[in-house]
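Observations on the three-dimensional arrangement
Here's the letter readout for the chains.
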Amino acid sequence: MTMEGLSFSSAVDATENYELKVPLLKTANGGTTSAITSVQGRDDRVRTVTFRVGGISCASCAVSIEAAVGQLHGVQSVAVSVLHGDTSLKYIPELISPHKIKEAIEDAGFIVSEFPEQDIAVCRFKIKGMACTSCSESVERALSMVDGVKKAVVGLALEEAKVHYDPNVTDTTLILEAVEDAGFGADLIVANNDANKVSLMLEGVQYPEDANTIQSTLESTEGVNHVEIDFAEKKVTISYDSDLTGPRSLISRIQEISRGSDFYGASLYLPPKRRESEQQEELRSYRNQFLLSCLFSFPVLWFSMVLPMLYPYGKWLNKKIYNQFTIGMLLGWILCTPVQFIIGKRFYLGAYHALKRKSANMDVLVALGTNTAYFYSVYIVIKALSSDKFEGHDSFETSAMLISFILLGKYLEVVAKGKTSDALAKLTDLAPDTACLVTLDSDGNVTSEEEISTQLIQRNDIFKIVPGSKVPVDGTVISGQSHVNESMITGEARPIAKRPGDKVIGGAVNENGCIFVKATHVGSETALSQIVQLVETAQLARAPVQKLADQISKFFVPIVVLAALITWLGWLIPGEVGLYPKRWIPKAMDAFEFALQFGISVLVIACPCALGLATPTAVMVATGKGASLGVLIKGGDALEKSHKVKTVVFDKTGTLTSGRPSVVGAVLFSSYSMEEFCDVSAAAEANSEHPIAKAIVKYTKMLRQKFGSNTEHFPEAKDFEVHTGAGVSVIIEGKRVLVGNRRLMKNFDAPFSHEVENFVAENEQLARTCVLVAIGGKIAGAFAVTDPVKPEAQRVVSFLHSMGISSIMVTGDNWATAQAISKEVGIQAVFAETDPSGKADKIKDLQSKGMIVAMVGDGINDSPALVAADVGMAIGAGTDVAIEAADIVLIKSNLEDVITAIHLSRKTISRIRINYVWALGYNVLGMPIAAGILFPFTGLRLPPWLAGACMAASSVSVVCSSLLLQSYKKPLNASAPHGSNKWSK
């Protein structure tokens, strides 16, 4: 372990490697999330904003601010802290803006800082009716045009939109209307204040007065932020603070209101899984429409193409009803019309809305192609009715079969797209539906057990987990021992031993023993919920490579329409003037219809959908697969950058090493006794949470017990000060005490004797860190601290080299220790004695040489370097700063996942390129064939209905290509020597 982060007070214990702190996903732009509370008797939305006011010198200043702001119309309440100037203010945004409040404070002569200029809320919508990239771009444009919307991201494959907006200007209703005005359906999935929200079904509510009673009672309950009652559905939705209350407490609060004959009750409302139910509904819709279409289309095909060839069975179809109008024409017209205008209505609506938005999509091509075939056939019918000498052949089967095959293709596409989110669905389903809640007496004995819904668990609840059952939420083991399988969440195949004090993750499976767990994170705060949120966000993020499809989609449809027109004219004009043999034209057609068939085929074979699905489907599958392997990739941008990485920079402490330092020895260089030396050292390090500091405190306590002293009292330490990358200093009994590395001693001119130099040199050669302790300006002693290298480190560095990736180590530790560690793991390039900001500078130096750099750190003091790197990988996911700064979060503290992340990104980008080659190649090859380029040489002609089938197959093939990523295996599984891959699945 190094001294590089000794000055940082935030650290992660080795036992906390799997804990994801709250919040995983921050509010966009760092905006303050306002709490929306309901004001009884009115519809105004009260918001809370916090900020800091400078220039407050006494209590009268705070009173002046409160008076100046309190008299503003629309301000509900204001509270100002005299000590720090922290101000909390409630206001009604419809009556006053935050900007006017800020001006009022500044007019009173005070300085306002940390003032959120705007509230940023986030919501997600399910978007219906998107078929291709053009559709998703249209939705994005429609959302961006809404006043108050700051950012909108639409995921085509996920069929969702994530919107960042100012709730003071707009709301989810207006955003939803904008989507619907653009011609798409939309349903709200989650709003900004859904972090801790529960829905309850009410009992005994018969009149509006009952609902008002329950609402007012709940609003007055501590911890409740917002209450919304749907009287018609007898349902109440409550937003609450999980630190203060929970679902069971809220149910009990409703029951307590009962008086006499007025009994009120509540039970948990479990809505159907929206994504799953909507997907099933979409599947049913396409399946039913396809089957209904076949009911009409196949008879048309039979009457027009099969029976006429089976003489004499088809002879009756040529019987004339009037002039040249036959029974076959009548049947084709009757059967095709419902398919064209009722079953095919969705294509008309899609084309209308696309053209209304001044864009074009697949629906436009389908509508053009089928309408051309249908109305040309109607023209043939009219001519046949009006002339007894007209000879022509209708194309009703073309229109009907084309729509049928496209519906079949859309059905198969929805099935395939549903498979892309299988990994995410499995993660979502990991948490059990119920849990065994127990009550303990003062002696720790179980007094009662009750099976409750997992969603009713509150913080600090205690639940029992028997062998074979799942852990419902994140918590800490308080009793019992067992082995827990966390492979579904972390990818760690081996069951992990759990004892009292150890943390467990919701969704993990208890293997053998019975354990009692105390809930620490519930609802959206659990690690599993945060992983799901991160993966969902990643699947919405658009990869830079997607820009190719976006650019093509802008002019794809117009080019196809132009190509179809040129194709039609290219066959019609030569046919009319006799430039090609008449025998080329089938007997049942004339030159016009012959040319028209080629034009329609070009229209319907071109497929913009395949291009639009090439990237997002691959990203969806890859991020879901990565999550199941314990690698959380934050979207397509991180995937695309990762595959280009040529240099990986490793932090040493907690990354290449285990991060669990231990003191292996202590030596004195002065007249102080070992007991006095330990007391002073422990007193200085007691205020630090750095792992080395904790190791020293633990070691000194052990020595004190060895000396027969069991007291926990340490000398009083004053003026505690951290020195970045060097150590700490305090004043104890009037003397300055320094605890840190060589640099700290030199900064305070503490002299080095030969004895000290020799001790430091000997231990650094052994890859140990020397923590020196100076008292009164003289080095009194030192601790030798070791932090063993992770067993997989050498193999990971070697494997990266085989992938053409160089490895570099950067650390704040001394050169001798750094070189000893680097030699052990096989890293050639080392930068030592580097502070956190210096690490970021090293990253920038490498980038200036044209290198694509990935930084791997534990997130304690590596955030500047993680941000500076092209790809930041937070290993262990232990702190908020790691999650925020990193592009990729590795749930386990396992270096092998660095290889998994880079290798998976390479496979994904390769798959995306294959998808583009397939989609573009299909259009590049398919359109000329449909246009008849091979017909003069081979006689091969692609009928429109077959061209439509090919178009439908192209989208399905691209999605199926992306689904191949589900079979991805970790690269080290196959390459590791026999017996060395202990974690292989």
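Residues numbered from 1 in each chain as written. Predicted model: local features only at pLDDT ≥ 70, side-chain atom pairs only at ≥ 80, totals over all residues. Heavy atoms only, no water.

Comments concerning the overall build of the protein chain
What counts here: Secondary structure follows DSSP: runs of H or I at least 4 residues long count as helices, runs of E at least 2 residues long count as strands, and numbering of each begins at the N terminus. The contact definition used throughout considers only heavy atoms, calling two residues in contact when any of these lie within 4.5 Å.
Scanning the protein chain from N- to C-terminus turns up 32 helices and 37 strands. At a minimum sequence separation of 6, the contacts of the protein chain that also span at least 24 residues come to 71%.

Let's talk about the packing of helix H15 (residues 546-577) against helix H17 (residues 608-628)
The line we're drawing: Comment: axis = line fitted to C-alpha atoms, over the contacting stretch for helices; angle = value between 0 and 180 degrees taken between N-to-C directions. Roughly parallel covers angles under 35 degrees, roughly antiparallel covers those over 145, roughly perpendicular covers 65 to 115, and oblique covers all other angles. Throughout, a crossing is termed right-handed when the near helix is turned clockwise from the far one, and left-handed when it is turned anticlockwise from it by less than a right angle.
Relative orientation of the contacting elements H15 and H17 amounts to 165 degrees, with a least axis distance of 9 Å. Classified by the angle their axes make, H15 and H17 are roughly antiparallel. Here the hand of the crossing between H15 and H17 comes out left-handed. Of the residues in H17, those touching H15 at Gln546, Ala549, Ile552 and Phe556 are Pro608, Leu611, Gly612, Thr615 and Pro616.

Points about the pairing of strand S12 (residues 235-240)
So the rule is basically this: We call a residue buried when its accessible area falls under 20% of the maximum for its residue type, exposed when it is over 50%, and partly exposed in between, using a 1.4 Å probe and counting protein chains only. Strands are treated as partners if at least two bridges between them are detected by DSSP.
For S12, a buried count of five out of six residues is recorded, marking the element as mostly surrounded by other parts of the structure. Pairing of strand S10 (residues 197-203) with S12 involves five bridges; the strand directions are antiparallel. Among the inter-strand pairings, valine 198 is bridged to a residue of S12, identified as isoleucine 238. Pairing of strand S11 (residues 224-230) with S12 involves six bridges; the strand directions are antiparallel. The residue bridging isoleucine 229 from the neighbouring strand is valine 236, located in S12. Connecting the antiparallel pair S11 and S12 is a turn made up of four residues, with lysine 234 showing a positive phi of about 55 degrees.

What about the UniProt feature "transmembrane region" (unreviewed entry) in the protein chain?
Definition in use: UniProt positions are given in the numbering used here, feature names are shortened, and annotations may be inferred rather than shown by experiment.
As annotated in UniProt, the feature "transmembrane region" (unreviewed entry) corresponds to residues 290-313, 325-343, 364-386, 398-416, 555-574, 594-615, 916-939 and 945-965 in the numbering used here. Counting secondary structure, residues 594-615 comes out at 91% helix and 0% strand; the distance between its end C-alpha atoms is 38 Å. With 90% helix and 0% strand, residues 945-965 has its two end C-alpha atoms placed 32 Å apart.

A closer look at unusual backbone geometry
Positive phi, close to 50 degrees, is recorded for asparagine 323, a residue that is not glycine. Under the relative-accessibility criterion, asparagine 323 is labelled partly exposed at 27%. Positive phi values are uncommon outside glycine, yet glutamate 833 reaches one of about 50 degrees. Here glutamate 833 shows up in the loop between strand S34 (829-831) and helix H26 (836-848).

With respect to the sheet that holds strand S19 (residues 474-479)
Strand order in the open sheet made by the six strands is S17-S16-S18-S24-S19-S22, with antiparallel pairing throughout. Sheet topology places strand S17 (446-453) and strand S22 (503-504) at the edges, where each strand pairs with a single neighbour.

Here's the deal with the packing of helix H16 (residues 591-605) against helix H31 (residues 944-963)
Condition: Three classes are used, and their members are as follows: Ala, Val, Leu, Ile, Met, Phe, Trp, Tyr, Cys and Pro are nonpolar, Asp, Glu, Lys and Arg are charged, and the others, Gly among them, are polar.
With their axes 8 Å apart at the nearest point, H16 and H31 run at an angle of 10 degrees to one another. Taken together, the axes of H16 and H31 lie roughly parallel to each other. On H31, the residues touching Gln597, Ile600, Ser601, Val604 and Ile605 of H16 are Pro944, Ala947, Gly948, Cys950 and Met951. For the contact of H16 with H31, the class distribution of residues is seven nonpolar, three polar and no charged.

Things to note about the pattern of salt bridges
Side chains bearing opposite charge may pair, as long as their charged atoms lie close to each other. Convention followed: In the sections that follow, a salt bridge refers to a side-chain nitrogen of Lys or Arg positioned within 4 Å of a carboxyl oxygen of Asp or Glu.
Applying the stated criterion across every chain yields a total of 13 salt bridges. Glutamate 281 is paired through a salt bridge with arginine 284; the nearest N and O atoms lie 3.0 Å apart. Of the two residues, glutamate 281 and arginine 284 are both situated in helix H7 (residues 274-306); the distance of three residues between them amounts to about one turn of the helix. By relative accessible area, which is 36% here, arginine 284 ends up partly exposed. Where aspartate 897 meets lysine 970, a salt bridge forms, and the shortest distance between an N and an O atom there is 3.6 Å.

Regarding the packing of aromatic side chains
What counts is decided by this rule: Only the six-membered ring of Trp is used, alongside the rings of Phe and Tyr, when aromatic pairs are assigned; centres must lie within 6.5 Å, and planes under 30 degrees apart are stacked while those over 60 apart are edge-to-face, with the rest tilted.
Applying the stated criterion across every chain, the model contains 23 aromatic pairs. Their ring planes at 20 degrees and their centres at 5.8 Å tell us that phenylalanine 341 and tyrosine 348 sit as a pair that is stacked. The exposure class of tyrosine 348 is partly exposed, given its relative accessible area of 25%. Through successive ring pairs, a cluster of aromatic residues spans Trp571, Tyr580, Trp584, Phe594, Phe598 and Phe935.

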